[in-house]
Amino acid sequence: MSKALRILVPIKRVIDPQIRPRINAAATAVQKTGVQFSVNPFDDIAVEEAVRIREAKKVAVESIHAVSIGPAKSQDSLITALAKGADSATLVDAKDKELEPLAVSKILQKIVEKQKSNLVIMGKQATDDDSNNTGQMLAGLLGWPQATNAAKVEIDEANMRAKVTREVDGGEEVVSAALPLVVTTDLRLNTPRYVTLPNKMKAKKKPMEKTTIEAFTDIDLEPRLKVLRAEEPPARPAGVKVGSVDELVAKLKEVKAI
């Protein structure tokens, strides 16, 4: 096996997590018109980790390739990834089609094979659908080992293995696996860097391949789930102050909490 890493980083364009999402008039989905979008925070962490692996210089990184599957405006997210240190990118224009995780995983499998990647680093979930299963599905399709919810990633350059620390109930779990490997990132892995304007301008000159989902004719992209209705969670009732332990116990009994 080559002693150089070819890292693939999938990223998703999502509604900015700082914005409270609203349901559309038809009550079928989240309103996406006139709202601010950004890179999915977990994917931003994945980009940062890929760049940090290169900067550590403990193992040769041949390439860092970012890929986004979504509307044409996802190009902005890819430019952000390129500005942070990715070498090249692929935009798969899904137009207005909403793709489920399985379809996304199948497209990513094709891109991994085309790029000859041996390490995929991706967010454990997206903040819009919170599915948390694309990385696992991709590993299954590729037949690769997986290390999910990574809080720390260490590469053993001599043996081309990765040691990944995961936070679990009651402590930490450390797993080790040989490359090729799929790693999904948790929030505690790192803090992404800010993008400077000069780097963003340079990023626009880096290679970006553009294609559409119509190019993947051998993949079934039809959704397996149907959204019947979307609605906002009910408003939380106001809290109640109590003056004593006895009053607290009485209130808990009133709501049948004890």
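Labelled according to an unreviewed UniProt entry, the protein chain appears under the name Probable electron transfer flavoprotein subunit beta, originating from Eremothecium sinecaudum. Recorded in UniProt for the protein chain, the comment headed Subcellular location (unreviewed entry) runs: "Mitochondrion matrix".

This model, assessed by the stated rule, comprises zero aromatic pairs. The lysine or arginine in question, R13, covers the ring of F37, its NZ or CZ lying 3.8 Å from the ring centre.

Two numbers describe how helix 3 (residues 101-115) lies on helix 4 (residues 134-142): the axes approach to 9 Å, and their chain directions differ by 50 degrees. Comparing their axes, helix 4 and helix 3 come out oblique. Classified by chirality, the crossing of helix 4 by helix 3 is right-handed. In contact with P101, L102, V104, S105, K106, L108, Q109, V112 and E113 of helix 3, helix 4 contributes T134, M137, L138, L141 and L142. Classifying every residue of the contact of helix 3 with helix 4 by side-chain character gives nine nonpolar, three polar and two charged.

Here we come to the side chain of D93. In this structure, D93 sits in strand 5 (residues 88-93). Of note is the side chain of D93, whose polar atom sits 2.7 Å from the backbone nitrogen of K95. In contact with D93, other than residues within four places in its own chain, are G70, P71, A72, T211, T212 and I213.

Residues annotated by UniProt as "domain: Electron transfer flavoprotein alpha/beta-subunit N-terminal" (unreviewed entry) correspond here to residues 27-220. This span, residues 27-220, is 29% helix and 32% strand, and a straight line between its end C-alpha atoms measures 27 Å.

Let us now look at the pattern of salt bridges. Going through the model one piece at a time under the given rule, you end up with 21 salt bridges. Among the salt bridges present, the one from E232 reaches R22, with a minimum N-O distance of 3.7 Å. Here E232, found in the loop between strand 11 (208-212) and helix 6 (245-254), pairs with R22, found in the loop between strand 2 (13-15) and strand 3 (37-39); they are 210 residues apart in sequence, far enough to count as distant. Look at E232 and you get partly exposed, because its relative accessible area is 32%. Between K163 and E154 there is a salt bridge, and its shortest N-O distance comes to 3.9 Å. Owing to a relative accessible area of 40%, K163 belongs among the partly exposed residues under this scheme. Judged by its relative accessible area of 30%, E154 falls in the partly exposed class. When salt bridges with common partners are traced through the structure, they connect E48, R52, E55 and R193 into a single cluster.

It is worth spelling out the pairing of strand 7 (residues 146-156) at this point. Alignment of strand 7 against strand 10 (residues 181-185), held across three bridges, turns out to be parallel. Note that in strand 10 the partner of A150 across the bridge is T185. With six bridges connecting them, strand 7 and strand 8 (residues 161-168) associate as antiparallel partners. Paired with I155 across the strands is A162, a residue of strand 8. Counting the residues between successive antiparallel strands, the hairpin from strand 7 to strand 8 contains four residues, one of them, M160, with a positive phi of roughly 50 degrees.

Basis of the calculations
- Residues numbered from 1 in each chain as written.
- Predicted model: local features only at pLDDT ≥ 70, side-chain atom pairs only at ≥ 80, totals over all residues.
- Heavy atoms only, no water.
- UniProt positions renumbered as here; feature names shortened; annotations may be inferred.
- Phe/Tyr/Trp six-rings, centres within 6.5 Å; stacked < 30°, edge-to-face > 60°.
- Lys NZ or Arg CZ within 6 Å of the ring centre and 35° of its normal.
- Axes fitted to C-alpha atoms, helices over the stretch in contact; angles between N-to-C directions.
- Helix = DSSP H or I, 4+ residues; strand = E, 2+ residues; numbered from the N terminus.
- Parallel < 35°, antiparallel > 145°, perpendicular 65-115°, else oblique.
- Left-handed = near helix turned anticlockwise from the far one by under 90°.
- Contact = heavy atoms within 4.5 Å.
- Nonpolar A, V, L, I, M, F, W, Y, C, P; charged D, E, K, R; others polar.
- Polar contact = N/O pair within 3.5 Å; in protein donor to acceptor, adjacent residues only side chain to side chain.
- Salt bridge = Lys/Arg side-chain N within 4 Å of Asp/Glu carboxyl O.
- Buried < 20%, exposed > 50% of the residue type's maximum accessible area, 1.4 Å probe, protein only.
- Pairing = 2+ DSSP bridges.

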